[in-house]
Amino acid sequence: MSLPRDLEALAIDIAQEAGELARVRREAGVAIAATKSALADIVTEADREVEALIRARLRTARPDDGFLGEETGAEPGDSGVTWVVDPIDGTVNYAYGIPTYAVSIAAVQGDPAPEAWEALAGVVFNPPGRELFHAARGEGAWLGVTRLGVSADVGPAGALLATGFGYDPVTRPDDLALTGRVLPLARDIRRAGAASLDLAYVAAGRLDGYFERGLKAWDFAAGALLVTEAGGRFGRGTPDGSGRSPLVVAACPAIFDALAEVTELG
């Protein structure tokens with residue numbers, strides 16, 4: 001097997017184990033551990049426990065790899081491979097009992113920064129629905145054993161698009177203005193609350209496109225590979241010096257250019 005496929009197989013195994021732990025902890029009840037960047041940006045005890053499980057499993061299987069996790073930060077490695085992990089993407093959904101959350105695990109090669117790395121493997125697992133999205137570079141994107149492909153075209157009614165809003169109330173007016181500029185392209189807008197699943201749904205053709213400002217590396221590392229391996233396009237803007245993460249756009253080829261233009265992806 002190739003390195004990307006080996007990494008994909010490992011990520012699948014760990015994501016399913018981690019997802020089962022998240023599901024069990026959700027059924028037992030959720031304890032809020034802390035807030036992060038804003039009052040609405042919470043972390044649960046389960047986030048920390050699930051990330052610890054993932055980190056321990058990776059350390060055992062590939063001790064020379066680096067790690068970049070939402071809850072525990074970065075740890076450099078010596079192999080040139082870094083694992084980029086969101087243990088529970090969609091934590092607010094998770095805390096409220098909304099079954100739209102995922103374990104997101106990606107393996108990337110090179111400098112562990114989105115503008116510098118090459119994604120090798122990615123897995124997005126939704127425990128409540130038991131849906132396992134996975135990809136290895138050059139091997140396509142899959143839902144279980146079914147190969148995925150982005151939407152072939154966008155009909156006259158417009159594109160079905162998804163977005164998200166940042167947790168900081170100061171950024172909400174800009175998010176709403178951005179959505180307003182996109183509306184003429186849209187059949188409708190979805191706002192599910194889990195970026196990794198939005199990207200997986202673009203890869204599966206369930207959405208025609210997705211845009212959001214303020215994502216962190218672990219939010220999109222796995223999902224971006226799913227999109228491109230399914231024949232879609234993914235773009236990330238240039239940092240503007242504001243300190244806020246750049247805009248991300250992912251879509252089928254039929255709508256990508258128009259969506260990038262209206263969102264001013266750059």
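First, a word on scope: everything that follows refers to the structure included in this document. As a convention, each chain's residues are numbered from 1 in the sequence order in which they are written. Given that the model is predicted, a residue must reach a pLDDT of at least 70 before its local features are reported, and side-chain atom pairs must reach 80 or more before they are shown or counted; all residues, however, enter totals for whole chains, interfaces and linings. Side-chain descriptors were evaluated using all non-hydrogen atoms of the structure, hydrogens and water having been removed beforehand.

Salt bridges are defined by distance alone: a side-chain nitrogen of Lys or Arg within 4 Å of a carboxyl oxygen of Asp or Glu. Scanning the model with the defined rule gives 13 salt bridges in all. A salt bridge links Arg236 to Glu115; the shortest N-O distance between them is 3.5 Å. Placement of the pair is Arg236 in strand β14 (residues 233–236) and Glu115 in the loop between β6 (102–109) and β7 (118–126), with a sequence separation of 121 residues. Each residue is placed in one exposure class: buried if its accessible area under a 1.4 Å probe, protein chains only, is under 20% of its type's maximum, exposed if it is over 50%, and partly exposed if it falls in between. For Arg236, a relative accessible area of 28% puts it in the partly exposed group. With a shortest N-O distance of 3.7 Å, Glu118 and Arg137 are connected by a salt bridge. With Glu118 in strand β7 and Arg137 in the loop between β8 (131–136) and β9 (141–143), this residue pair connects regions lying 19 residues apart in the sequence. By definition, any uninterrupted DSSP run of H or I lasting at least four residues is a helix, any uninterrupted run of E lasting at least two residues is a strand, and each is numbered from the N terminus.

What follows covers helix α4 (residues 172–182). Among all positions in α4, only Asp175, Leu178, Thr179 and Val182 are buried. Seen from one end, α4 has its buried residues packed into an arc of 100 degrees, which puts them on one side. Exposed side of α4, more than 90 degrees from the buried face: Pro173, Asp174 and Leu176 are the residues found there. Two residues qualify as a contact provided that any one of their heavy atoms is within 4.5 Å of a heavy atom in the partner residue. Contact partners of the buried residues in α4: β11 (159–163), β12 (186–190), β13 (209–213), β15 (247–251) and α7 (253–262). Each C-beta atom gives one direction from the helix axis, and the arc is the one those directions make.

Our focus in this paragraph is the nonpolar core. Counting residues in each nonpolar core, the largest one holds 53 residues, and the members touching the most others are Val84, Leu161, Tyr210, Phe211 and Leu226. Examining the composition of this core, we find that eight residues originate from one element, helix α6 (residues 217–229), more than from any other. As used here, the term nonpolar core means buried Ala, Val, Leu, Ile, Met, Phe, Trp, Tyr and Cys residues forming a set that is joined through side-chain atoms within 4.5 Å. Within the second largest apolar cluster, 29 residues are counted, among which are Ile14, Val81, Ile88 and Tyr94.

Assignment of secondary structure puts Arg23 in helix α1 (residues 3–28). Counting along the chain gives 71 residues from Arg23 to Tyr94, while the straight-line C-alpha distance between them is 9.2 Å. Once residues within four sequence positions are removed from consideration, Arg23 is found in contact with Tyr101, Pro127 and Arg130.

Turning to the packing of α1 against helix α2 (residues 45–61), a few remarks are in order. Closest axis-to-axis distance for the α1/α2 pair is 10 Å, and the angle between their directions is 155 degrees. Classified by the angle their axes make, α1 and α2 are roughly antiparallel. In this structure, α1 meets α2 at a crossing whose hand is right-handed. Between α1 and α2, the contacting residues are Leu10, Asp13, Ile14, Glu17, Ala18, Leu21, Ala22 and Arg25 on the first element and Ala46, Glu49, Val50, Leu53, Ile54, Arg57, Leu58 and Ala61 on the second. Note that Gly is not counted as nonpolar here; it falls among the polar residues with everything else outside the nonpolar set of Ala, Val, Leu, Ile, Met, Phe, Trp, Tyr, Cys and Pro and the charged set of Asp, Glu, Lys and Arg. Of the residues in the contact of α1 with α2, the class split is 11 nonpolar, no polar and five charged. Whenever a helix is involved, its axis is fitted only over the stretch in contact; in every case the axis is a line through C-alpha atoms, and angles between N-to-C directions fall within 0 to 180 degrees. Just so you know how the angles are binned, under 35 degrees is roughly parallel, over 145 roughly antiparallel, 65 to 115 roughly perpendicular, and the rest oblique. Two helices that cross are described as forming a left-handed crossing if the nearer one is turned anticlockwise from the farther one by less than a right angle, and a right-handed crossing if clockwise.

Pairing within the open sheet is mixed, and its eight strands lie in the order β4-β3-β5-β6-β7-β8-β9-β10. At either margin of the open sheet sits one strand with a lone partner, and together these are β4 (73–75) and β10 (146–147). Whether two strands pair comes down to DSSP finding at least two bridges between them. Of the pairings in the sheet, the one linking β6 to β7 comprises seven bridges and is antiparallel in character. Along β7, the bridge assignment pairs Ala106 with Gly122. α2 contacts β3 (66–69), β4, β5 (81–89) and β6 of the sheet and is inclined by roughly 155 degrees relative to β5.

Okay, the side chain of Asp175 next. Residue placement: Asp175 occurs in helix α4. Only 3.2 Å separates the side chain of Asp175 from the backbone nitrogen of Gly166, close enough to count as a polar contact. The term polar contact refers here to a pair of N or O atoms within 3.5 Å; inside protein, the definition further demands a hydrogen-donor-capable atom paired with an acceptor-capable atom, and it admits residues adjacent in sequence only when both atoms are side-chain atoms.

Glancing now at the sheet that holds β14. With mixed pairing, the five strands of this open sheet are ordered in space as β12-β11-β13-β15-β14. Either end of the sheet is taken by a strand with one partner, and the two such strands are β12 and β14. Adjacent strand axes in the sheet meet at a mean angle of 15 degrees, parallel and antiparallel pairs treated alike. Pairing geometry for β13 and β15, over five bridges, is antiparallel. Bridging from a neighbouring strand, Phe211 pairs with Val249 of β15. In the packing of helix α5 (residues 195–203) onto the sheet, the strands contacted are β11, β13, β14 and β15, and the crossing angle to β13 comes to about 155 degrees. Seen against the sheet, α7 touches β11, β13, β14 and β15 and runs at an angle of roughly 155 degrees to β15.

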